[in-house]
Amino acid sequence: MLNRRAFLKTSAAAIPATAAFSALDPVKTLAEEEAASKIAPSAAGMVALPDRLAPVTASVPWQQKIRRVAQSNMTEHDPAVMNVEEWAEYWHSTGSEIIFVSVTGILAFYPSKVKFHRHGKFLNNRDFFGECVAAAKKRNMRVVARMSPDLNWGDALEAHPEWAMRNKDGSAQFSTEEPRLFKTCMFSTYMDDYMTAIIREINSLYDVDCFYTNGWPPIGSLPDCHCAICNKLPPTGTTAYWRVFNDRIFELWQKYDALAKEKKPDSFFFANLGGSVHAGPNLDRLGKIAAWYQADNQGRTYEDAAVWGCSQQGRVCTAIMDGKFAANVTAAYSTGSPGWRNASKNPAEATMWLNETLASGMVPYYHFVGSENGLGEDRRWQKTGSDFLRWTEKYDPHLTTRRSVANIGVVMGQSTQLLYPGPGLKPARRYMHETTQGLYDALLRGRFAFDYVHEDRLDAARLRKYRALLLPNIAMLSDRQCEQIRDYVKAGGSIMASFETSLYDENMNKRADFGLADVFGVSKAGEVIGTNGNPYYARIEKPDAAQKHPLLEGFVDTNWIPGAQNRLPLKPVENPLMTVVPGFVRYPPELAYPPASHTAEPAVVLRESGASRIAWFPGDLERTSWITGHGDILRLLHNTLGWLTHDERVVRVDGDGLVEMFCWETDPGYAVHLLNYTNPDAQHGWLQSSFRIGPQIVSMKLPANVRVKSVQLLKAGTNVQFGIQNQLLHFTIPHVDDYEVAAISIA
Ligand SMILES: [Zn+2]
């Protein structure tokens, strides 16, 4: 491999910097051109991408070829106001290949004979569903039969009191917005008898391509029901309940799927998912049976205020679907709380959500509710969707992913996300949310290429591609999972973990010491210590030593750096790089000094064995980074990631701005996606507009024998010049507005 200096020399000879950038983009400003010529591509640390996958020769299921998904979510009023032809024409014009049509279960959109399947009051015995299916099929669009099993009406409740979810006092649970509708219990026969009757009826009357349930299973939480059946189950929120909950989901999923296939073998059932890293159903189990991952992650809400909420969901899908179909629903309407179901959201925000869908490897799916006065009183959403979807249509091969080439794996501890209570802090889910976002933010700011890895998929074959595996307070890990991580380290992998990682087993039983204590060389020395006033500090041992450790790079003129809000104290280790200065009073300032300025308690524990590097932080560092934004903690995380990976990168993107980066192997070659989050609205509310960032220099080392034909910027619609030296490809993206995709075509 060339070192950086040698590379600069040879590349300068091969392609004079100015020449390389001069013929790029006619709209590029002089300032950008100048800036571009000053940023040099970097060869340092670049490792070759893996050998390319063999082309797929077997035929793939039909849904794998779908690239655009459409839905006008139908209201009871729509049969009176929706023009079916106009509806079909709009969606067909967007290039959508499949469309959701409502069967429902709450209200029938066809003359259903299933008992308690109430006809909408504007239906008048008309076959509205059938007309919609015919209009879609006439345009060669496939049809998803959309059902909603979560709510039903008083007459059903009277006849079947056992169908309802119950409160502790035995009263039925009702929709908070519409108290005429009761909530159905997923353990009741409502799901076995009523829903299956609807699927059978649809199969007997129509030619639909697959079946889908909205509103079930719960997206990101577990139900709390006290009906006669649920009272016999383990208490909700426990690991035992989670298993029963999962068993029931899989039982129903497979039952509905078998019914779908009774009509057509290539039909299938799928359900509402989403929920990102804190999804309700066990995603490992689900990923094995799902033919379609429906990410119901429609837009930013108060809790998920980060702009990257959709691409984070995409990383979850990549982790569990192994290349099978995944689509993310972008709401064209106004998501959030309060949210407006019938008003378009900011076009910049809706477009970014669609950008993220594609960048993270999912299929865009656009959605509005209701068709008052045509396709809605507010029709502004239509152009946003058409523009985006039609643009994608030009580049389907480049936008279809084969696999991620990332070299860092982040363990998504789904059971920790759902069941771990946090260190006495409520609500617990918020705690893990902050932890997850803190690491995500650090990875983005460092422009690292990373994947999520599900806790139940830590097998050696899957982990082999990762130079480092990160465990951000993955509190719950089974003995087997600990063993898999141990094997990964033995094979030369690097790991980072924090706080209570592996302190609990898969049943939330607390261990006497960390399950990974031996791997990390750490041992617990007490219980969690929080913050009262000043959090703890990390003292840099030997700050003046000539040979500073890479973890300390950039920490000059200071002996202390901030610790985290909470820590689990560790027993002393030999030669700690940093030690804990315990927290103390912040006010009054008279007392703001440490009672003990020096301790033997480690603030980080590092190990090195062959190629494997290991870092343990006793504090909830990722979370503290998120809630404070302290640059020292971010720097420490970045330094640690650099050290763990030996500064190895599979793709490097140098330039200004807060950017999320994805790099995919594709059929035509590779695709590097850049999402520009450099925006005052990145962490709050919605994007109002985008703010252009300047040149981004992309470097990646291609496998031997791969030859590059062209590099095309799919948003700008231009080709860019590229240099290649010893398989190190580099090129410049002159600027990025909201999104750019560099599509690399190979010979
Ligand atoms: Zn129940």
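Residues numbered from 1 in each chain as written. Predicted model: local features only at pLDDT ≥ 70, side-chain atom pairs only at ≥ 80, totals over all residues.

**Digging into the overall build of the chain**
- Along the backbone of the chain there are 21 helices and 31 strands.
- Here the chain has a C-alpha radius of gyration of 27 Å; the compact-globule value for 747 residues is 27 Å, and the two agree.
- A principal-axis box enclosing the C-alpha atoms of the chain has dimensions of 85 × 65 × 50 Å.
- Among the 747 residues that make up the chain, the fraction classed as buried is 51%.
- Pairs at least 24 apart in sequence give 77% of the contacts found in the chain among residues at least 6 apart. (Helix = DSSP H or I, 4+ residues; strand = E, 2+ residues; numbered from the N terminus. Rg over C-alpha atoms; globule rule 2.2 N^0.38 Å. Buried ≥ 20, exposed ≤ 12 C-beta atoms within 10 Å, placed from the backbone. Contact = placed C-beta atoms within 7 Å.)

**So, the packing of helix 5 (residues 84–93) against helix 6 (residues 128–138)**
- For the pair helix 5 and helix 6, interaxial distance at closest approach is 9 Å and the crossing angle is 40°. Judged by the inter-axis angle, helix 5 sits oblique to helix 6. In this structure, helix 5 crosses over helix 6, and the sense of that crossing is right-handed. Every residue of helix 6 that contacts helix 5 at Val84, Glu85 and Ala88 is listed here: Glu131, Cys132, Ala135 and Ala136.
- Partitioning the contact of helix 5 with helix 6 into residue classes produces five nonpolar, no polar and two charged. (Axes fitted to C-alpha atoms, helices over the stretch in contact; angles between N-to-C directions. Parallel < 35°, antiparallel > 145°, perpendicular 65-115°, else oblique. Left-handed = near helix turned anticlockwise from the far one by under 90°. Nonpolar A, V, L, I, M, F, W, Y, C, P; charged D, E, K, R; others polar.)

**Brief notes about the domain arrangement of the chain**
- When its domains are assigned, the chain resolves into domain 1 (4–53 + 650–746), domain 2 (69–146 + 187–221 + 233–401) and domain 3 (408–644).
- Each of domain 1 and domain 2 was reduced to a C-alpha centroid, and the two centroids are 35 Å apart.
- On the side of domain 2, 22 residues touch domain 1, which itself brings 23 residues to the contact.
- Sorting the residues of the side of domain 1 that touches domain 2 by element identifies strand 24 (659–665), strand 25 (669–676) and strand 31 (739–746) as the ones contributing at least two each.
- Each residue belonging to the side of domain 1 that touches domain 2 can be placed in one class, and the counts come to 13 nonpolar, seven polar and three charged. (Domains from an automatic or database assignment.)

**Some details on the pairing of strand 30 (residues 728–733)**
- The element strand 30 is largely enclosed, with a buried count of six among its six residues.
- Residue alternation in strand 30 divides its side chains into two sets, Leu728, His730 and Thr732 and Leu729, Phe731 and Ile733, and both sets are buried.
- Bridge count for strand 26 (residues 696–701) against strand 30 is six bridges, and the pairing is antiparallel. The residue of strand 30 that forms the bridge with Ser699 is His730. (Pairing = 2+ DSSP bridges.)

**Quick look at the packing of helix 11 (residues 309–321) against helix 12 (residues 347–359)**
- Close contact between helix 11 and helix 12 brings their axes to 8 Å; oriented N to C, the two are set at 20°. Put simply, helix 11 runs roughly parallel to helix 12. Helix-helix and strand crossings are classified by hand; for helix 11 and helix 12 the assignment is right-handed. Only Trp353, Glu356, Thr357 and Ala359 of helix 12 make contact with helix 11, whose side of the interface consists of Cys310, Ser311 and Gly314.

**Some details on the nonpolar core**
- In this structure, Ala145, Cys185, Val604, Cys663 and Ala742 are the most contacted members of the largest nonpolar core, which totals 215 residues.
- Contact partners of Ala145, with chain neighbours within four places excluded, come to Val101, Val103, Ile202, Val208, Phe211 and Tyr212. (Core = buried A, V, L, I, M, F, W, Y, C linked by C-beta atoms within 7 Å.)

**Things to note about unusual backbone geometry**
- A cis amide bond links Trp216 to the next residue, Pro217, at an omega of -5°.
- By the element assignment, Pro217 lies in the loop between strand 6 (210–213) and helix 9 (239–263).
- Note the cis peptide between Tyr587 and Pro588, where omega equals 5°.
- When you line up the elements, Pro588 lands in the loop between strand 20 (578–581) and strand 21 (605–609).
- Positive phi, close to 65°, is recorded for Met508, a residue that is not glycine.

**Regarding the sheet that holds strand 12 (residues 363–369)**
- Reading across from one edge, 7-6-3-2-1-12-9-8 is the order of the eight strands in this open sheet, with parallel pairing throughout. Of all strands in the sheet, those with a lone pairing partner are strand 7 (269–271) and strand 8 (292–295), marking the two edges. Here the strands of the sheet are splayed against their neighbours by 25° on average, with no regard to which way each runs.
- By the bridge criterion, three bridges tie strand 6 to strand 7 in an arrangement that is parallel. Across the sheet, the residue bridging to Phe211 is Phe269, located in strand 7.
- The strands that helix 6 touches are strand 2 (98–102) and strand 3 (142–147); relative to strand 2, the one it contacts most, it runs at about 170°.

**Details of the sheet that holds strand 29 (residues 722–725)**
- Strand order in the open sheet formed by four strands is 23-26-30-29, with antiparallel pairing between adjacent strands. The sheet is open, and its two borders are formed by strand 23 (651–654) and strand 29, each paired with just one other strand. Between one strand axis and the next, the sheet turns through 15° on average, direction left out of account.

**A short note on helix 21 (residues 631–644)**
- The end-to-end C-alpha separation of helix 21 is 20 Å, in line with the 20 Å expected for 14 residues at 1.5 Å each.
- All of the buried residues in helix 21 are Ile633, Leu636, Leu637, Thr640, Leu641, Trp643 and Leu644. The buried residues of helix 21 occupy one face: seen down the axis, they fall within an arc of 165°.
- With its phi angle positive at about 55°, His646 sits one or two positions after the end of helix 21. (Expected span 1.5 Å × (residues − 1). Arc of directions from axis to C-beta.)

**Observations concerning the confidence of the model for the chain**
- Mean pLDDT over the chain works out to 93, with 93% of the residues at or above the 70 mark.
- This model gives residues 1–28 a pLDDT under 50, and the stretch forms 41 contacts once residues within four places in sequence are excluded. (pLDDT = per-residue confidence, 0-100.)

**Some thoughts on the pairing of strand 1 (residues 69–73)**
- Of all the five residues making up strand 1, four are buried; the element is thus mostly covered by neighbouring parts of the structure.
- Note that strand 1 and strand 12 share five bridges and pair parallel. Opposite Ser72, over in strand 12, you have Phe368 as the bridge partner.
- Where strand 1 and strand 2 come together, three bridges link them in parallel fashion. Counterpart to Ala70 in the pairing with strand 2 is Ile99.

**A short note on the environment of Ser689**
- Among the structural elements, Ser689 can be located in the loop between strand 25 and strand 26.
- Its 13 C-beta neighbours within 10 Å are what place Ser689 among the partly exposed residues.
- Along the primary structure Ser689 and Asn346 are separated by 343 residues, whereas in three dimensions their C-alpha atoms are 8.5 Å apart.

**Quick notes on the environment of Leu675**
- Residue position: Leu675 is located in strand 25.
- Look at Leu675 and you get buried, because 25 C-beta atoms sit within 10 Å.
- Considered as a pair, Leu675 and Ala359 are 316 residues apart in the sequence and their alpha carbons are 7.7 Å apart.
- Once residues lying within four places of it in the same chain are set aside, the contact partners of Leu675 are Ser311, Asn355, Glu356, Ala359, Val659, Glu660 and Tyr739.

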